[in-house]
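# A closer look at the structure
The residues making up each chain are set out below.
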Amino acid sequence: PLALRTRATDDCPQSIRFLEKRGFQEVIRDIPSELNVQTFDLTRFTGLEDRFRVHGIEIKTLPDLENDPERNRKLYDLDWEMSLSVPGDLAAGMGRRGFENYVEYAITGPSALPDGFFVAVKGEEFIGLSHVLSSEKGVSLYQGLTGVKPQYRRHGIGLALKIRGIAYAQATGHILIMAENDAKNIPMLAMNERLGFVRKPDLITFEKQCQPLER
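Residues numbered from 1 in each chain as written. Predicted model: local features only at pLDDT ≥ 70, side-chain atom pairs only at ≥ 80, totals over all residues. Heavy atoms only, no water.

Here we come to the packing of helix H3 (residues 71-84) against helix H4 (residues 99-108). Where H3 contacts H4, the axes come no closer than 10 Å and their chain directions differ by 95°. Between H3 and H4, the crossing angle belongs to the class labelled roughly perpendicular. Taken together, the residues of H4 that come into contact with H3 (itself represented by Arg 71, Asn 72, Arg 73, Leu 75, Tyr 76 and Asp 79) are Phe 99, Tyr 102, Val 103 and Ile 107. (Axes fitted to C-alpha atoms, helices over the stretch in contact; angles between N-to-C directions. Helix = DSSP H or I, 4+ residues; strand = E, 2+ residues; numbered from the N terminus. Parallel < 35°, antiparallel > 145°, perpendicular 65-115°, else oblique. Contact = heavy atoms within 4.5 Å.)

In structure tokens:
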């Protein structure tokens, strides 16, 4: 291997010392958080979507878009475009997942929730997305990527997409939505704080470079 990676939380200093003594260095710091959706007041955001609906922008679910033959490819491309602007995604060194892998992960796989996948559209263009994934059935959901194309930001679209996810969680009887964001992603961390997500101990990814084998 070129490198070894492992994770530790910042409330376990003994684990961090153990790794640092053995040459591991911090490469990514994520901020986990969770929201109790059953106590969330959706009425605080009544009329939010009216701000952009007048500009021909609306939010749809995956089933709403099933008649678009290019739906999955458009979501795949939009997801990648959004990922490029999210701090930490490229730093994680994962690269772009294949199209079939993305479809299984987000659209058709066992954790995918088509009615919990929300897409902001303007005409035929997909301009933003946010989706939740099944984490613990009937108890918690995991917040997937949320993003909006740069030219459509500052209209409340990203916030409205997140609110749709919270409403879905409430309607399906879930208790929590869990999120994990890079510590450098200040805008999303601020949005989560505004929504009432409770921060948990930082999750740190450590990496150790491996010496090349002698042949």
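The structure having been displayed, the exposition proceeds.
Turning our eyes to something else, we now look at a positive patch on the surface. Together, Arg 17, Lys 21, Arg 22 and Lys 208 make up a region of like positive charge exposed at the surface. Mapping Lys 21 onto the fold places it in helix H1 (residues 13-21). Given the relative accessible area of 70%, Lys 21 is considered exposed. (Patch = residues over 30% accessible without salt bridge, like charges linked within 9 Å, V, L, I, M, F, W, Y side chains within 5 Å. Areas by Shrake-Rupley, 256 points an atom, 1.4 Å probe, with all protein chains shown as cover. Salt bridge = Lys/Arg side-chain N within 4 Å of Asp/Glu carboxyl O. Lys, Arg positive; Asp, Glu negative; His and termini not counted. Charge placed at Lys NZ, Arg CZ, Asp CG, Glu CD. Buried < 20%, exposed > 50% of the residue type's maximum accessible area, 1.4 Å probe, protein only.)

Let us look at the packing of aromatic side chains. Geometrically, a pair of aromatic rings is defined through the distance of the ring centres and the angle of the planes. Tallying each qualifying case throughout the model produces 4 aromatic pairs. Ring centres 6.4 Å apart and planes at 55° place the aromatic pair Tyr 102 and Tyr 105 in the tilted group. Taken together, the positions of Tyr 102 and Tyr 105, both in helix H4 and 3 residues apart, correspond to about one turn of that helix. Exposure remark for Tyr 102: the relative accessible area of 0% places this residue in the buried category. Three or more aromatic residues joined by ring pairs make a cluster, and in this case those are Tyr 76, Phe 99, Tyr 102 and Tyr 105. For Arg 96, the ring lying beneath its charged end belongs to Tyr 76, and the centroid distance is 4.0 Å. (Phe/Tyr/Trp six-rings, centres within 6.5 Å; stacked < 30°, edge-to-face > 60°. Lys NZ or Arg CZ within 6 Å of the ring centre and 35° of its normal.)

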